[in-house]
Amino acid sequence: MPIHYEEAGDHTVVITIDRPETRNALDLYHFRDLAAAWRRFAEDDDAWAAVITGVERNFMSGADLKTYIPQITELHSRIQEGGVEEIDGCKLRDGTDAVLRGTKLYKPIIAAVNGPCVAGGMEMLGGIDIRVATTHARFGVMEPKRGLFAGGGTTVRLPRQLAFPAAMEFLLTAEAFPAERALELGLINEIVEEDALLDRAKDWAARINANGPLAVRATKESVLRGLATDMREAYRIESELSGVVFSSEDAKEGPKAFAEKRAPNWQGR
């Protein structure tokens, strides 16, 4: 299966996109499989953080246009003709679910970007919390160069995540930017050597997983839901989630472990 899901220990999973023959561009079936991997992560109680990467100096290049456009066109047609919701296990929403557009996934995700992160790769990056890249990684919103539109969340998320001029530089030029420029503009957290990339991404996961998982997820949920609304509603959401966390078993365990000078035993509840 070209989308691999691996338990890496310490409550971390690694999702790997493995289609080097297309530079990790995905067809309809692989978008389905990537969406399924995210659902598996969301439902996996032992998985607190995920790292996503690609093989052979490829991260994700979006849709494999030679196959995806005909496939999605056929899927639309067959659904309209037969009134079915999916074909061969593929649904229309698999593409947007695969790039984390609108999904309620509040567990932390770390990207280990080891190659081109363009088009759908950039769409997915917008739904990822921590971004680590190698020096040869490239980033770009390439759709306008093909006369297409980045409809997987990039035009919504990027201006909320970067300064406006930086976001528009990506969105309007449709150029591929080197990792150094992406770091300058605040798109990624750091650049590391190629042989250290996956270990560094796992290190980020370990640092996050040292914290209370319920508190981490509530923090991410508060941020994402808050960004999608006005300040008054955002404060209400924050208060709601704060109440859930402070009434949890982990909220008792954290201060107790601190007082006893030991590592906390988080339960996630």
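Residues numbered from 1 in each chain as written. Predicted model: local features only at pLDDT ≥ 70, side-chain atom pairs only at ≥ 80, totals over all residues. Heavy atoms only, no water.

## Looking at the sheet that holds strand β8 (residues 130–134)
- Here 6 strands make up an open sheet; going across it, the order is β1-β2-β3-β6-β8-β11 and the pairing mixed. Since the sheet does not close on itself, it has two edges, and those belong to β1 (3–9) and β11 (190–192), each with one partner. The sheet shows a mean angle of 25° between the axes of neighbouring strands, taken without regard to direction.
- As defined by bridge partners, strand β6 (residues 109–113) adjoins β8 across 4 bridges and the pair is classed as parallel. When the bridges of β8 are listed, V113 appears paired with A133. (Pairing = 2+ DSSP bridges. Helix = DSSP H or I, 4+ residues; strand = E, 2+ residues; numbered from the N terminus. Axes fitted to C-alpha atoms, helices over the stretch in contact; angles between N-to-C directions.)

## Focus: the pattern of salt bridges
- Counting across every chain of the model gives 17 salt bridges.
- With a closest N to O distance of 3.8 Å, D64 and R19 form a salt bridge. Separated by 45 residues along the polypeptide, D64 in the loop between β3 (49–54) and α2 (65–82) and R19 in the loop between β2 (12–17) and α1 (28–43) bring together distant segments of the chain.
- Residue class for R19 comes out buried when judged on its relative accessible area of 9%.
- Notably, a salt bridge pairs E221 with R225, separated by 2.9 Å at the nearest N-O pair. Here the residue E221 and the residue R225 both occupy positions in helix α9 (residues 213–227), the gap between them amounting to 4 residues, near one helical turn.
- When its relative accessible area of 23% is taken as the criterion, R225 is described as partly exposed.
- One continuous salt-bridge network, built from bridges that share partners, spans E221, R225, E233, R236 and E240. (Salt bridge = Lys/Arg side-chain N within 4 Å of Asp/Glu carboxyl O. Buried < 20%, exposed > 50% of the residue type's maximum accessible area, 1.4 Å probe, protein only.)

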